[in-house]
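These are the residues of each chain, in order.
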Amino acid sequence: MMGQGEEGDEEEAWLQLRPVEPLPSQCCGSGCSPCVFDLYQRDLARWEAARASKDRSLLRREETQSCPSKLSPETFLAFLISAVDRLTKDTYLVRFALPGNSQLGLRPGQHLILRGTVDDLEIQRAYTPISPANAEGYFEVLIKCYQTGLMSQYVKSWKAGDTAFWRGPFGGFFYKPNQYGELLMLAAGTGLAPMVPILQNITDNAEDETFITLVGCFKTFEGIYMKTFLQEQARFWNVRTFFVLSQENSLEQLPWSYRDRTHFGRLDRDLLEELVGSCRRKPFALVCGSAEFTKDMAGYLLDAGLAEDSYFLF
């Protein structure tokens, strides 16, 4: 028979094994399934069942976090940072190494969850790799850092040779070749990220005849990400690119190749209606940017005559 001291020790041992409830900051807010809170509820139920039967072996996972075999939505995997390039004053292109010639296993447009720790606070955010879905031996992520952002503090500390932890894939948009007549891509800032692998997937496939109209919204011409890539993509017969610059006001300051496809100001209702009208086939719109941008574009698309099942909001 167990004494009171032993019972107290046993109780303390079980409490030490109890899963810790996530903080609100640990949820990326992207509607992931499973969410970090879903995983907590699953682990809590497992702990309660083990405690009730006094069988700690029930807490062992079939696959441990120390030696996972592949990318998983439930388990964070460690990836080595092989390069960190600063594209603008606040935006970084980070390359992560994959073993041998392996591939990450994401479909175009899907995203991952990054885990970071700042001042002993664990945080999680969603990012979409911009590398091709079939890239071998690496993947790349475009990350914008904000002065007061917790995750930004973590990312700014990265250097080649460091390790970062990711889980996934997540995302509700699955592109299939020739599924749509035309894709109208509306991207603000790093909202360009999910568009890039979808765009490249289309132009890499000679049998995919989907038209693409990509609209990139940036503050300045210098702030446009991946200019060389976008210029190369615009040479394909089925790709058009436009730019909307909110803090420029002189066409003379732009290269000739940009002048006839650049608008100043913001992507408003009238301009979007004009872009929708210029599409060569019935468009399906993809939208990614800030919460405000995404909300505005959804309303403008409805005003332009697109039904709710004719666009996807990342």
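Each residue is numbered by its place in its chain's sequence as written, counting from 1. For this predicted model, a pLDDT threshold of at least 70 governs which residues receive local features, and a threshold of 80 or more governs which side-chain atom pairs are given and counted, while totals over whole chains, interfaces and linings are taken from all residues. Remark: hydrogens and water are excluded; side-chain values derive from all non-hydrogen atoms of the structure.

> Residue-level account of the side chain of glutamine 124, with values.
Mapped onto the elements, glutamine 124 comes out in strand E4 (residues 121–127). Between N or O atoms, a polar contact is any pair within 3.5 Å; within protein, one atom must be a potential hydrogen donor and the other a potential acceptor, and residues adjacent in sequence are included only when both atoms are from side chains. Only 3.4 Å separates the side chain of glutamine 124 from the side chain of arginine 167, close enough to count as a polar contact. Under the scheme used here, helices are H or I runs from DSSP no shorter than 4 residues and strands are E runs no shorter than 2 residues, and both carry numbers assigned from the N terminus.

> Requested: an account of helix H2 (residues 36–53), with residues and values cited.
By definition here, a helix of n residues has an expected span of 1.5 Å times n minus one. A rise of 1.5 Å per residue sets the reference length of H2, with its 18 residues, at 26 Å; its end C-alpha atoms lie 26 Å apart and thus fit the reference within 8%. To sort residues, take the accessible area from a 1.4 Å probe on protein chains only and compare it with the maximum for the residue type: under 20% means buried, over 50% means exposed, and anything in between is partly exposed. Along H2, the residues classified as buried are Val36, Leu39, Tyr40, Asp43, Leu44, Trp47 and Ala50. End-on view of H2: buried residues confined to an arc of 135 degrees, all on one side of the axis. Note on H2: the residue one or two positions beyond its end, lysine 54, has a positive phi of about 55 degrees. As used here, the arc belongs to the directions running from the helix axis to the C-beta atoms.

> Can you lay out the UniProt feature "domain: FAD-binding FR-type" (unreviewed entry) in the protein chain for me, pointing to particular residues and giving the numbers?
According to UniProt, the "domain: FAD-binding FR-type" (unreviewed entry) feature falls on residues 74–176. Annotated as 7% helix and 48% strand, the span residues 74–176 places its first and last C-alpha atoms 26 Å apart. UniProt positions are given in the numbering used here, feature names are shortened, and annotations may be inferred rather than shown by experiment.

> I'd like a description of the pattern of salt bridges, backed by residues and values.
In the sections that follow, a salt bridge refers to a side-chain nitrogen of Lys or Arg positioned within 4 Å of a carboxyl oxygen of Asp or Glu. Enumeration over the complete set of coordinates arrives at six salt bridges. Across the pair arginine 42 and glutamate 74 runs a salt bridge, and its minimum N-O distance is 2.2 Å. With arginine 42 in helix H2 and glutamate 74 in the loop between H2 and strand E1 (77–88), this residue pair connects regions lying 32 residues apart in the sequence. Residue classification places glutamate 74 among the partly exposed positions, given a relative accessible area of 38%. We note a salt bridge from lysine 159 to aspartate 162, for which the minimum N-O separation is 3.3 Å.

> Provide a residue-level description of the UniProt feature "binding site: FAD" (unreviewed entry) in the protein chain, including the pertinent values.
Residues given the UniProt feature "binding site: FAD" (unreviewed entry) here are Arg125, Tyr127, Leu142, Lys144, Met151 and Ser152. Spatially, the listed residues are clustered: although they cover 28 residues, their C-alpha atoms lie within 13.4 Å of one another. Within the fold, lysine 144 resides in strand E5 (residues 138–144). Only heavy atoms enter the contact rule, under which two residues are in contact if any of them lie within 4.5 Å. Setting aside chain neighbours within four positions, we find lysine 144 in contact with Asp90, Thr91, Ser152, Thr190 and Tyr225. As for its placement among the helices and strands, serine 152 is situated in helix H3 (residues 150–156). Non-local contacts of serine 152, meaning those with residues more than four positions away in its chain, are made with Lys144, Cys145 and Tyr146.

> I'd love a proper account of the nonpolar core, names of residues and values included.
Put simply, a nonpolar core is a bunch of buried Ala, Val, Leu, Ile, Met, Phe, Trp, Tyr and Cys residues held in one set by side-chain atoms that sit within 4.5 Å of each other. Counting residues in hydrophobic clusters, the biggest one holds 32 residues, and the most contacted among them are Leu183, Met185, Leu192, Ile198 and Leu286. Counting residues per element, the ones that place at least two in this core are strand E7 (182–188), helix H4 (195–203), strand E8 (211–218), helix H5 (227–233), strand E9 (239–245) and strand E11 (283–288). Those residues in contact with methionine 185 that sit more than four places away from it in its chain are Met195, Ile198, Leu199, Ile212, Thr213, Leu214, Val215 and Leu286. Counting 25 residues, the second largest nonpolar core, distinct from the first, contains Tyr92, Val94, Leu98 and Leu104.

> Residues and numbers for unusual backbone geometry, please.
The amide bond that connects glycine 168 to the next residue, proline 169, takes the cis arrangement and shows omega of 5 degrees. Here proline 169 shows up in strand E6 (residues 163–170). Even without being glycine, asparagine 178 reaches a positive phi, approximately 60 degrees. If you trace the backbone, asparagine 178 turns up in the loop between E6 and E7. By relative accessible area, which is 43% here, asparagine 178 ends up partly exposed.

> A description of the sheet that holds strand E2 (residues 91–97) should follow, citing residues and the corresponding values.
For two strands to count as paired, DSSP must find a minimum of two bridges between them. The six strands are arranged E4-E3-E6-E1-E2-E5 in an open sheet whose pairing can be described as antiparallel. Two strands bound the open sheet, and with one partner strand each, they are E4 and E5. Neighbouring strand axes in the sheet, compared pairwise and without regard to direction, differ in orientation by 40 degrees on average. Judged from the seven bridges that link them, E2 and E5 form a sheet pairing that is antiparallel. Directly across from threonine 91, in E5, lies its bridge partner lysine 144. Here an angle of 0 to 180 degrees is reported between the N-to-C directions of two axes, which are lines fitted to C-alpha atoms, with helices fitted over the stretch in contact.

> Which residues make up the environment of leucine 104, and what values go with them?
Relative to the assigned elements, leucine 104 resides in the loop between E2 and strand E3 (111–118). C-alpha separation for the pair leucine 104 and aspartate 120, spaced 16 residues apart in sequence, amounts to 29 Å.

> With reference to specific residues and values, describe the confidence of the model for the protein chain.
You can read pLDDT as the predictor saying how much it trusts each residue, on a scale of 0 to 100. Here the protein chain averages 87 in pLDDT, while 92% of its residues score no lower than 70. Contacts of residues 61–69 to residues separated by more than four positions or lying in other chains number eight contacts, the stretch itself having pLDDT below 50.

> How would you sum up helix H8 (residues 291–303)? Please name residues and give values.
Taking 1.5 Å per residue, 13 residues should reach 18 Å; H8 reaches 19 Å between its end C-alpha atoms and fits that length. Those residues of H8 lying buried are Phe293, Thr294, Met297, Ala298, Tyr300 and Leu301. On its buried face, H8 is in contact with E7, E8, helix H7 (269–278), E11 and strand E12 (311–313). The positive-phi residue at the C-terminal boundary of H8 is glycine 305, with phi of around 100 degrees.

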